[in-house]
Amino acid sequence: MTEASARTLFEWLEAHERDRPEAPAIISSGRMISFRELAESTRRLAAGLASIGVGPRDVVAAQLPNCPEFFTLLLATAARGATLQTMHMPYRRAELSNLLGHGEAKVAVAVSATKERQPAAEIVALLPDLPRLETVVSLGISVEGATDFDDLAAAKPTADTISTPDVDLPYVLLYTSGTTAGPKGVPHTARRFLANASSASSELHLTPSDRITSLAPFSHLYGLFTLQIGLAAGACAAMIPAFDPTSLLEDLAELAPTALFTAPAHLAPFVANDLLQPEHLAKTRLVCMSGSTVPTPLATAVDALLNDGSVIGLWGMTELQVGTFGRTGDPFESRVSTAGRAAVGMDLRVVDSAGDALPAGSEGELQARGSSIFEGYLRSPEETEAAFTDDGWFKTGDLASMDRDGFLRLTGRTKEIINRGGIKYNPTEIEALVLAHPLVSSCALLPVADEILGERGCICVEAREPSITLTELCALLDEHGVAKYKWPERIEFFDEFPMTPTRKVRRGVLAALLAERTS
């Protein structure tokens, strides 16, 4: 940060506009946008939002790809003292209706068209069922019943366009990914999130010379985090509109990011097939991998491709942003096999089923307490109460262990444990080994009901070639010395897994699909 007193996103932007006005803030689709241009665009869009009645405490929902307009809308909404509610691009009418209704959005901004859909028109059609939604804004071509984004973005700022910042008002409204259950609304204040982002930016040694690329969508916490740590440092956001495996290598070569934020599923196929090469990461000094458990062999392989850089892990949640992350100076083994150490202001503990703290190295449920943790789920007091212990620790639902130096190893989710005849085991270990098979694109080990044992394991596989047999996979596990009770006893192939926008398997949806095959 260039100014210690800056506490909000717009104040961060103003500081960079003053100190480095012509430095690149965004590179996208061959275009460079300076901090001066970004600040001017933000003021105009904030004036446009004011013209349609957006003010403090109002909610502006956005269904946009990773584009300059998303960043500008985030900044302009914050400048009005309003809240940006994010909605993932794959969401359609059913999800949009639920989220817009629950979030009580006053305005919704969406692209006019994608290759398959017309998102803005879909939201316009929902207006009769959403009494709190007053305006739909279309980015792209004009849509009947919607306001043109370009018209809002051309508004003339006035003296009262920028609201007096209140760091204790929600500035973003995010929703949990819902991999095993329905999504829950999580409002966050600038005081909680931006301090977390600013300290992480400093500890990652980000500078104005960095180019930061996120393969995660900005609508997700992980992608949003990259925008915030970049703005804290005055770095450039080098944007890929959406992860596309057919163009990823070309995108990386063109953007030349110095810091790449990605998930294991983004890079695993490229590494497995020797497609990702050092020249694709020639200027990359930092690769952060998060979103799901990172297989150590994958992290090690990517680290070896970096000329003078480091792979680190990161663990975060919608409810707290970033809880742990690796530092480039950490020991190699810790960097590639853990999710790092606690963020500034974050306390962690691992507890047993009774809630008692466990010694270093023991596996149990991870709990967190710190300055960036949310205050509660939106209009869900019972779920909020259930999420915290009596002494104020947030129950993450993650299984983990921590060593004596504080490095966190994620081992799964409490809801994913398989109980085979009273013997419980974590599927993460099995999935990591199966994923290493050259023909496996993705996998998930799920429990299926069994009359005798209660549950047995079924390995669900998204394969490059459906020639893999259960016997072959069990032989692979046998070679690695895995106890036989953990071996899957059934295999099911899927053309494509249901995934979250950050490439995590939606296990609840997959389990329902598996149940349909069983019935």
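Given the structure is predicted, the values throughout are model-derived calculations rather than measurements.

Looking now at the overall build of the protein. Within the protein, the secondary structure is distributed over 16 helices and 25 strands. For the protein, the C-alpha radius of gyration of 23 Å lies close to 24 Å, the compact-globule estimate for 519 residues. In terms of principal-axis extent, the alpha carbons of the protein reach across some 70 × 50 × 50 Å. Expressed as a percentage of the 519 residues in the protein, the buried residues total 55%. For the protein, the distance from the average position of its 45 positive side-chain charges to the average position of its 66 negative side-chain charges is 3 Å.

The subject of this paragraph is the pairing of strand β20 (residues 408-413). In this sheet, β20 lies alongside strand β19 (residues 394-402) in antiparallel orientation, the contact comprising five bridges. Counted as the bridge partner of Met-402 is Leu-408 from β20.

A few words on the nonpolar core. Counting 50 residues, the largest nonpolar core has Leu-64, Phe-71 and Leu-73 as its most contacted members. A per-element tally of this core places helix α3 (residues 68-79) first, with seven residues. Apart from the residues lying within four places of it in its own chain, the contact partners of Leu-64 are Glu-69, Phe-70, Leu-73, Met-87, Met-89, Val-109, Ala-110, Val-111 and Leu-139. One finds Tyr-222, Leu-314, Val-350 and Phe-374 within the second-largest nonpolar core, a separate group that totals 39 residues.

On to the sheet that holds strand β2 (residues 31-34). Judged by pairing direction, the sheet is mixed, and its nine strands sit side by side in the order β2-β1-β11-β10-β12-β13-β14-β15-β16 without closing on themselves. Every other strand in the sheet has two partners, leaving β2 and β16 (341-342) as the edge strands with one partner each. Bridge count for strand β13 (residues 286-289) against strand β14 (residues 310-317) is four bridges, and the pairing is parallel. By the bridge assignment for β14, Met-289 is matched with Gly-313. Contacts from helix α2 (residues 35-51) reach β1 (24-28) and β2 within the one sheet, and its direction differs from that of β2 by about 75°.

In this section: the pairing of β1. The element β1 is largely enclosed, with a buried count of four among its five residues. The pairing of β1 with β2 spans four bridges and is antiparallel. Of the residues in β2, the one forming a bridge with Ile-26 is Ile-33. In this antiparallel pair of consecutive strands, β1 and β2, the connection spans two residues, and Ser-29 shows a positive phi of 50°.

Next up on the list: the confidence of the model for the protein. Per-residue confidence for the protein gives a mean pLDDT of 92, with 97% of residues at or over 70. Note on residues 1-5: pLDDT under 50 across the span, and 11 contacts to partners over four residues away in sequence or across chains.

A word on the packing of helix α1 (residues 9-19) against α2. Where α1 meets α2, the axes come as close as 8 Å, and the angle between the chain directions of the two elements is 140°. One finds that α1 runs oblique with respect to α2. Note that α1 runs across α2; the crossing there is left-handed. Contact with α1, carried on its side by Phe-10, Leu-13, Glu-14, His-16 and Glu-17, involves Phe-35, Arg-36, Leu-38, Ala-39, Thr-42 and Arg-43 of α2 and no other residues of that element.

Attention now goes to α3. Across its 12 residues, α3 extends 16 Å between first and last C-alpha, which sits within 8% of the 16 Å expected from 1.5 Å per residue. Taking burial as the measure, the 12 residues of α3 include 10 buried ones, the bulk of the element. Of all the residues in α3, the buried ones are Pro-68, Phe-70, Phe-71, Thr-72, Leu-73, Leu-74, Leu-75, Ala-76, Thr-77 and Ala-79. Phi turns positive one or two residues past the end of α3, at Gly-81, with a value near 75°.

Before going further, it helps to spend a moment on the packing of aromatic side chains. For the coordinates displayed, the defined rule picks out seven aromatic pairs. Between the aromatic rings of Phe-374 and Tyr-377, the centroid separation amounts to 4.7 Å while the plane-to-plane angle is 55°, which identifies the pairing as tilted. Taking the relative accessible area as the measure of exposure, Phe-374 reaches 3% and is therefore buried. With relative accessibility at 9%, the residue Tyr-377 sits in the buried group. Each member of the aromatic cluster is reached from another via a ring pair, and the members are Phe-374, Tyr-377, Phe-388 and Phe-394. When the ring centre of Tyr-377 is taken as reference, the NZ or CZ atom of Lys-184 above it lies at 5.1 Å.

Once that is clear, we can look at empty space enclosed by the protein. Across all of its chains, the model carries three cavities of 30 Å³ or more by this definition. One number sums up the size of the largest cavity: a volume of about 80 Å³. What lines the largest cavity is simply Thr-86, Met-87, His-88, Tyr-91, Leu-99, Leu-174, Tyr-175, Thr-176, Ser-219, His-220, Leu-221 and Thr-318. Classifying every residue of the lining of the largest cavity gives six nonpolar, six polar and no charged. For the second largest cavity, the calculated volume is near 40 Å³. If you go around the second largest cavity, the residues you meet are Ala-25, Phe-35, Phe-71, Thr-226, Leu-227, Gly-230, Leu-231, Ala-235 and Ala-237. The element best represented in the lining of the second largest cavity is helix α8 (residues 221-233), accounting for four residues. Its residues assigned to classes, the lining of the second largest cavity shows seven nonpolar, two polar and no charged.

Cut-offs applied
- Residues numbered from 1 in each chain as written.
- Predicted model: local features only at pLDDT ≥ 70, side-chain atom pairs only at ≥ 80, totals over all residues.
- Heavy atoms only, no water.
- Helix = DSSP H or I, 4+ residues; strand = E, 2+ residues; numbered from the N terminus.
- Rg over C-alpha atoms; globule rule 2.2 N^0.38 Å.
- Buried < 20%, exposed > 50% of the residue type's maximum accessible area, 1.4 Å probe, protein only.
- Lys, Arg positive; Asp, Glu negative; His and termini not counted.
- Charge placed at Lys NZ, Arg CZ, Asp CG, Glu CD.
- Pairing = 2+ DSSP bridges.
- Core = buried A, V, L, I, M, F, W, Y, C linked by side-chain atoms within 4.5 Å.
- Contact = heavy atoms within 4.5 Å.
- Axes fitted to C-alpha atoms, helices over the stretch in contact; angles between N-to-C directions.
- pLDDT = per-residue confidence, 0-100.
- Parallel < 35°, antiparallel > 145°, perpendicular 65-115°, else oblique.
- Left-handed = near helix turned anticlockwise from the far one by under 90°.
- Expected span 1.5 Å × (residues − 1).
- Phe/Tyr/Trp six-rings, centres within 6.5 Å; stacked < 30°, edge-to-face > 60°.
- Lys NZ or Arg CZ within 6 Å of the ring centre and 35° of its normal.
- 1 Å grid on protein atoms, 1.4 Å probe; cavity = no way out; pocket = protein on both sides within 12 Å on 5 of 7 lines; lining within 4 Å.
- Points joined across faces, edges and corners; volume = space filled by probe spheres on them.
- Nonpolar A, V, L, I, M, F, W, Y, C, P; charged D, E, K, R; others polar.

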